[in-house]
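Letter by letter, the chains look like this.
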Amino acid sequence: MGRRRIASQVHQQVSRLLRANYLRKEPVWYQAVLENPPLTLPPKAPPSRTAYDQKPQSFTKHSTRPLPIYYLEDDIRRQFFLDHPFETFRPTTLVEADRIEDPHPIDGDKWTRLGQRGRNPTPEDAVRFTLNLYQYHGLTLSQAYAKAIAQFRALRSEHHIATTFAVMEAEQLGSTFGNSEIENAFQREKRSLATWDRKEELDEGALAARKRWKAIVERQHGKGEWSKGVEYVKLWQEGSRPNYIPAISTSEEGPTSESMDLANLLTPTVPRS
């Protein structure tokens, strides 16, 4: 693919090609463009320079790496969950709304108590309240954290006691409560494990059924060492006919006419000398 040219530089390139005898004939449009050259492009305005750009910088091996992103809330949140590990198991919703949540009207200097934003605070409320005390109320980070945690635990205790008494009152008035989600999960797990035992029983039953219908062959007839045909020759010399189906010919009621006919059909004829 050829090198791209700006429209105002095409005739200049053609002039260089003609001087080098690369083009034998002038293009039809060449003289017209020379008489009416295209407008030149406006000069590009240089970017505005700031004091930071004009200051000489020392480029080192690590100068292009981005700076670490640090938020004070991360340290507070990390310490909070170290002190309250079971708060991570508390259910919460992760569904985002179609717009960003509006800031709470109680903030800054007005936010002096954690209970001003609700009687059942979340871990994020405790973290924000700690940062608010540190930034707007002149407390150190340790003092702000200790005050916020004390109010958080007090509100959680009040909520737990109030909920317990509300449940007891409802039960005394005749209310019934179903299983919790944890209990439902345990029941589903038990039903799933019970299917494994049932599957083992079915597998054992299928194996027993296959064994029940397995062919059992009695190998008592003709059992013993090989006589090298002596018994057969002896019977042949005596003129007796060998019987290969004793189960049909010998029965409790004696041989029937049908069994005898079948024995005669199946018994080979011994030639006499």
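Predicted model only: the values in this text are computed from it and were never measured.

Procedures and definitions
Residues numbered from 1 in each chain as written. Predicted model: local features only at pLDDT ≥ 70, side-chain atom pairs only at ≥ 80, totals over all residues. Heavy atoms only, no water. Helix = DSSP H or I, 4+ residues; strand = E, 2+ residues; numbered from the N terminus. Buried < 20%, exposed > 50% of the residue type's maximum accessible area, 1.4 Å probe, protein only. Contact = heavy atoms within 4.5 Å. Areas by Shrake-Rupley, 256 points an atom, 1.4 Å probe, with all protein chains shown as cover. Salt bridge = Lys/Arg side-chain N within 4 Å of Asp/Glu carboxyl O. Axes fitted to C-alpha atoms, helices over the stretch in contact; angles between N-to-C directions. Parallel < 35°, antiparallel > 145°, perpendicular 65-115°, else oblique. Left-handed = near helix turned anticlockwise from the far one by under 90°. pLDDT = per-residue confidence, 0-100. Core = buried A, V, L, I, M, F, W, Y, C linked by side-chain atoms within 4.5 Å. Patch = residues over 30% accessible without salt bridge, like charges linked within 9 Å, V, L, I, M, F, W, Y side chains within 5 Å. Lys, Arg positive; Asp, Glu negative; His and termini not counted. Charge placed at Lys NZ, Arg CZ, Asp CG, Glu CD. Phe/Tyr/Trp six-rings, centres within 6.5 Å; stacked < 30°, edge-to-face > 60°. Lys NZ or Arg CZ within 6 Å of the ring centre and 35° of its normal.

1. Section: the overall build of the protein chain
Check the secondary structure of the protein chain and you find ten helices and zero strands. Along the protein chain, from the amino end to the carboxyl end, the secondary structure elements read α-α-α-α-α-α-α-α-α-α. Taken over 273 residues, the protein chain has a buried fraction of 15%. By sequence separation, contacts in the protein chain at least 24 residues apart represent 52% of the contacts at least 6 residues apart. If you sum the accessible surface of the protein chain, you get close to 24,400 Å²; carbon and sulfur atoms cover 57% of it.

2. Describing the pattern of salt bridges
Close approach of charged atoms allows side chains of opposite charge to pair. One pass over the full model with this rule turns up eight salt bridges. A salt bridge links arginine 77 to glutamate 124; the nearest nitrogen and oxygen atoms lie 2.9 Å apart. One end of the pair, arginine 77, is in helix 4 (residues 72-83); the other, glutamate 124, is in helix 5 (residues 123-136), and 47 residues separate them in sequence. Residue arginine 77 is classed as partly exposed on the basis of its relative accessible area of 24%. Look at glutamate 124 and you get partly exposed, because its relative accessible area is 30%.

3. Some words on the packing of helix 4 against helix 6 (residues 141-172)
Viewed as axis vectors pointing N to C, helix 4 and helix 6 meet at an angle of 50°, and their least axial separation amounts to 12 Å. One finds that helix 4 runs oblique with respect to helix 6. Crossing hand, helix 4 versus helix 6: right-handed. Of the residues in helix 6, those in contact with Leu72, Ile76, Gln79, Phe80 and Asp83 of helix 4 are Leu141, Tyr145, Ile149, Phe152 and Arg153.

4. A closer look at the confidence of the model for the protein chain
Per-residue confidence for the protein chain gives a mean pLDDT of 79; residues scoring 70 or more make up 73%. Segment residues 247-253 is flagged for pLDDT under 50; beyond a separation of four residues in sequence, or across chains, it makes four contacts in the model.

5. Observations regarding the nonpolar core
Counting 15 residues, the largest nonpolar core has Ile76, Phe80, Leu114, Phe129, Tyr145 and Phe152 as the members making the most contacts within it. Listed by contribution, the elements that provide at least two residues to this core are helix 4, helix 5 and helix 6. If you tally residues by element for this core, the top one is helix 6, at six residues. With near-sequence residues (within four places) excluded, leucine 114 lies in contact with Pro121, Asp125, Ala126, Phe129, Ala148, Gln151, Phe152 and Leu155.

6. Re unusual backbone geometry
Positioned with a positive phi, asparagine 21 is a non-glycine residue whose angle comes to about 60°. Within the secondary structure, asparagine 21 is located in the loop between helix 1 (10-19) and helix 2 (30-35).

7. Section: a negative patch on the surface
Together, Asp197, Glu200, Asp203 and Glu204 make up a negatively charged patch on the protein surface. Assignment of secondary structure puts aspartate 197 in helix 7 (residues 181-212). Assessed through its relative accessible area of 48%, aspartate 197 is described here as partly exposed.

8. Things to note about the packing of aromatic side chains
A complete count under the given rule lists four aromatic pairs for this structure. On the numbers, 5.4 Å between centres and 85° between planes, the contact of phenylalanine 80 with phenylalanine 81 is edge-to-face. In this structure phenylalanine 81 comes out as partly exposed when scored by relative accessible area, which is 27%. Ring geometry for phenylalanine 80 versus phenylalanine 152: centroids 5.3 Å apart, planes at 80°, classification edge-to-face. Of the two residues, phenylalanine 80 is situated in helix 4 and phenylalanine 152 in helix 6; the sequence distance between them amounts to 72 residues. Comparing phenylalanine 80 with phenylalanine 152, the two get one shared label, buried. Among the aromatic side chains, those forming a connected cluster through ring pairs are Phe80, Phe81 and Phe152. The residue whose ring lies beneath arginine 117 is tryptophan 111, and the NZ or CZ to ring-centre distance is 3.7 Å.

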